[in-house]
Amino acid sequence: MKKINSKSSSIRLRILIITISTVICISIAILFAGYQIVSKNLLNNMIQTSEIKVSFLSNSINSNINNVMNFIYTCKANRKIINFAMDDNTGSALTKRDAHDFVFENYRANKSIAQSLVRVVILGNERSDIIQVVEVSNSSTFVSSESILSLPYFDKLINKDGKDSVGILSDPFFTTKKVSMIPMAEPIYHPFEDKTVGYVFTELSINAITNPIHENIPESNTNLYFRIDSHLYKYVNDTLEPCRDSFTLIEDMSNYALNNKTEITRMFNNETSEIVFLISRPLDIDGWYITECVSTDEFSTVLQKSFTNMLLLILIAGCFISVALYLFLYKTVSVPVAKLRKRIKRIEKGDFSRDPSTEWNHELGDIGRTINNLSETVQEMVDQKVEDEKKKSEYEYKMLQSQINPHFLYNTLNSIKWMATIQNAPGIAEMTTALSRLMKSVSKGTKSTISIKRELELVKDYFTIQKYRYGGIITMKIENDEPDLLSCEILKFSLQPIVENAIFHGIEPKGTAGTITIHIFSDEEKDIHIDITDDGIGMEEETMIKILNEPSDSTVFFKEIGISNVNKRIQYNYGDKYGLFIKSEVGEYTTVTVLLPNIKCEDEL
């Protein structure tokens, strides 16, 4: 007897392995779900934090810019400034002094204006002199009306289509140092006519943008950009430097924004080859944006740390569950199984006495009670076996006596048929006729081959019996593409086991009506194909292989005629090329193909 490895076949070990595997699968699912949730929350928090930061900065920068714009609009609308621009007498000191005093007073009235502007220049079309307000620290070379009007970007500034689109430039009027500014120009209109009489030319200092960043956000935590139309600048060391970074859009993520004014995009930085998040907020001047660039490296670091903590927690919980389960199974399974094994060994040695200690109040106790009950009857079974052997010959003799002469059985079946016909029971008559023909075919002759036509008649007789047995819920169709094929030979009782298998193992387990289709045709090589298809439950590939290679159970009536037997008989008679082939889809159908050579049956010649 083969010795079983107790460790590898232990129920406790199997349960433990299955439980641990289940815990691992559940842990992986929880880990995956947790990863998705944490990832989404971290991304949402990171974006919203950056959005709040950018929103705060945009409000501060807008405050500086609006102060400057209000100052510019106040100047261009003031009557004194308009009179200065319209006055063609360059030497008129009174007009110029009134306009200068107005500009200077408003310039000094708000400290943020002085910090946000490099210079303010008022110039008129009819005069060559100008009014200029500039901080002493920003003193420069001589500035004239002609020098301003001749600036290469002046026309673009006063053109509304290209307003404020020249970006950040160096002040052209400084010779001792480089001063970065954003030039702006607004026309001064005639009060009664539709014409321009002068201009308010201003140079916005980049301090209006950089001071709020410097005052509110540490340098180490900034990765900010400032955009004017197509010009992109990066905040570095309290200044704005032209940025070489270029970005490619991956995904618009504005749905994460707290405010619908915020633009959120996931971009690919073409310079650094990394994926970043750009959180942008528009300023009050069209085309101006303040943007923070958030690298995914920080996001990935936090996410990895959270993932590691989750994984460690799950591993600890899994180990605890495994140890607790092992101890529980040892007490509830291992100890009782060990006692049962000892009990069985005593029975092997001939000790059939009852052992109450193995009868616990659980499933293993039921096994113990069963073993005790069996052990008490073993001796009785041995004695009974001796007596049965003595009576065996007598039983065999009685069985021989009970055999019925086939001709007597045919006559009896015919009598039953006629009686059923007389009593108007056609179903019984048809079943009796079919059974009579089947039994006659079983006992008739010794020849192993018959024509396909006669084999189909046997199948019809067999199906007639089964049809009444199943109450008519099964049907059978026969399709023949070539009538001449019916005269070809086939091994006797080749199709019946296949039809039987289709009924018992295909349609019956389905629990509903079913159909069996027999299709007869030939291929290009003239070989005969007989497809028996049922619309039952189908079978898996492992079952198909088993049916063709292992002997299967058969009915008592057709003992020893199984599907594997049919396959081997065909191969023995016609060669390995021929035989049975199975195709099936679980829950759909099963088709068994009988492949035969095209040989005319002698009885049909």
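Residues numbered from 1 in each chain as written. Predicted model: local features only at pLDDT ≥ 70, side-chain atom pairs only at ≥ 80, totals over all residues. Heavy atoms only, no water.

As for unusual backbone geometry
Our working definition: Secondary structure elements are defined from DSSP: runs of H or I of at least 4 residues count as helices, runs of E of at least 2 residues count as strands, and each element is numbered from the N terminus. Partly exposed describes any residue whose relative accessible area lies between the buried limit of under 20% and the exposed limit of over 50%, with all areas from a 1.4 Å probe on protein chains only and scaled to the type maximum.
Its identity as a non-glycine residue notwithstanding, Asn237 has a phi of 55°, on the positive side. Within the secondary structure layout, Asn237 lies in the loop between strand E7 (231-236) and strand E8 (239-242). Look at Asn237 and you get exposed, because its relative accessible area is 60%. Backbone geometry at Phe493 places phi at a positive 60°, although glycine is not the residue there.

So, the pairing of strand E5 (residues 196-205)
The line we're drawing: In this description, strands pair whenever DSSP reports at least two bridges between them.
Of all 10 residues that make up E5, nine are buried, and the element is covered over most of its length. Pairing of strand E1 (residues 117-124) with E5, which is carried by seven bridges, proceeds in the antiparallel orientation. Pairing of Val121 across the sheet is with Phe201, part of E5. Pairing between strand E4 (residues 180-189) and E5: nine bridges, direction antiparallel. Bridge pairing in E5 places Pro187 opposite Tyr199.

Observations concerning helix H13 (residues 496-507)
Put simply, the rule is: Multiply 1.5 Å by the residue count of a helix minus one, and that product is the helix's expected span.
Its 12 residues place the ends of H13 15 Å apart at the C-alpha level, agreeing with the 16 Å of an ideal helix rising 1.5 Å per residue. Among the 12 residues of H13, 11 are classified as buried, and the element is accordingly described as predominantly covered. Of the residues making up H13, those classed as buried are Gln496, Pro497, Ile498, Val499, Glu500, Asn501, Ala502, Ile503, Phe504, Gly506 and Ile507.

Focus: the packing of helix H12 (residues 452-469) against H13
Axis angle and axis distance: for two packed helices, these are the angle between their axes and the distance between the axes, and together they describe the pair. Where we set the bar: Here, axes are lines fitted to C-alpha atoms. For helices the fit covers the stretch in contact, and angles between N-to-C directions go from 0 to 180 degrees. Relative orientations are named as follows: roughly parallel for angles under 35 degrees, roughly antiparallel for angles over 145 degrees, roughly perpendicular for angles from 65 to 115 degrees, and oblique for any other angle. Left-handed is the label given to a crossing in which the near helix is rotated counterclockwise from the far helix by less than a right angle, and right-handed is the label when the rotation is clockwise. Here, residues are in contact when the closest pair of their heavy atoms is within 4.5 Å.
Interaxial distance between H12 and H13 falls to 10 Å at its minimum, and their mutual angle equals 25°. Classified by the interaxial angle, the pair formed by H12 and H13 is roughly parallel. Regarding H12 and H13, the two cross each other, and that crossing is right-handed. Judged by residue contacts, Glu455, Val459, Tyr462, Phe463, Gln466 and Arg469 of H12 engage Gln496, Val499, Glu500, Ile503 and Phe504 from H13.

Structural notes on the sheet that holds E8
Strand order in the open sheet formed by seven strands is E8-E7-E6-E12-E11-E10-E9, and the pairing between neighbours is antiparallel. The open sheet has two free edges, formed respectively by E8 and strand E9 (247-252), since each of these has just one partner strand. Strand-to-strand twist of the sheet, defined as the mean angle between neighbouring strand axes without regard to direction, takes the value 35°. Bridge analysis of strand E6 (residues 224-228) against E7 gives four bridges, and the strand direction is antiparallel. Paired with Phe226 across the bridge in E7 is Tyr233.

Observations concerning the sheet that holds strand E17 (residues 528-534)
Taken in spatial order, the five strands make up an open sheet running E14-E16-E17-E19-E18, and their pairing is mixed. The open sheet has two edge strands, strand E14 (474-480) and strand E18 (579-585), and neither has a second partner. Between one strand and the next, the sheet's axes are offset by a mean angle of 15°, whatever the strand orientation. Bridge count for strand E16 (residues 514-522) against E17 is seven bridges, and the pairing is antiparallel. Looking at the pairing, Phe521 lines up with His529 of E17. Of the strands in this sheet, E14, E16 and E17 are in contact with H12, which crosses E14 at around 165°.

Some details on the nonpolar core
Put simply, the rule reads: Buried Ala, Val, Leu, Ile, Met, Phe, Trp, Tyr and Cys residues that are joined via side-chain atoms within 4.5 Å together make up what is termed a nonpolar core.
In terms of nonpolar packing, the biggest core is built from 55 residues, with Val120, Ile122, Phe226 and Trp288 touching the most fellow members. Excluding residues within four positions of it along the chain, Phe226 makes contact with Ile168, Ile182, Ile209, His231, Leu232, Tyr233, Leu240, Leu283, Trp288 and Tyr289. Of all hydrophobic cores here, the second largest spans 43 residues; its members include Ile474, Ile507, Ile518 and Leu596.

Quick look at the packing of aromatic side chains
Convention followed: Aromatic rings from Phe, Tyr and Trp, with only the six-membered ring used for Trp, were paired whenever their centres fell within 6.5 Å, and each pair was classed as stacked if the ring planes differed by under 30 degrees, edge-to-face if by over 60, and tilted otherwise.
Summed over all chains, the structure comprises five aromatic pairs. Measuring from centroid to centroid gives 5.2 Å for Phe154 and Tyr199, while their planes differ by 85°, and the two rings are edge-to-face. Residue Phe154 is located in helix H6 (residues 154-158), and its partner Tyr199 is located in strand E5; the two are separated by 45 residues in the primary sequence. Looking at Phe154, the relative accessible area reads 1%, which means it is buried.

Describing the environment of Ile30
When you line up the elements, Ile30 lands in helix H1 (residues 11-77). Distance in space between the C-alpha atoms of Ile30 and Leu311 is 9.8 Å, their sequence separation being 281 residues.

Observations concerning a positive patch on the surface
The condition that has to hold: To count toward a patch, a residue needs a relative accessible area above 30% and no salt bridge. Like charges then connect within 9 Å, nonpolar side chains (Val, Leu, Ile, Met, Phe, Trp, Tyr) within 5 Å. Note on areas: Shrake-Rupley, 1.4 Å probe, and residue coverage restricted to the protein chains presented here. Salt bridges are defined by distance alone: a side-chain nitrogen of Lys or Arg within 4 Å of a carboxyl oxygen of Asp or Glu. For the charge count, each Lys or Arg is scored as positive and each Asp or Glu as negative, with His and the chain ends excluded. Where a charge lies is defined by one atom per residue type, namely NZ (Lys), CZ (Arg), CG (Asp) and CD (Glu).
A cluster of basic side chains, namely Lys339, Arg341, Lys342, Lys345 and Lys349, defines a positive patch on the protein surface. Structurally, Arg341 is set in helix H8 (residues 296-348). Judged by relative accessible area, which is 46%, Arg341 ranks as partly exposed.

Concerning the pattern of salt bridges
Evaluation of the coordinates by the stated rule reveals 10 salt bridges. Linking Lys195 and Glu193 is a salt bridge whose minimum nitrogen-to-oxygen distance equals 3.5 Å. Classification of Glu193 as partly exposed rests on a relative accessible area of 43%. Its salt-bridge partner being Arg266, residue Glu251 comes within 3.2 Å of it at the nearest N-O pair. With Glu251 in strand E9 and Arg266 in strand E10 (residues 263-269), the pair connects residues that are 15 residues apart, well separated along the chain. Residue classification places Glu251 among the partly exposed residues on the basis of a relative accessible area of 35%. Judged by relative accessible area, which is 24%, Arg266 ranks as partly exposed.

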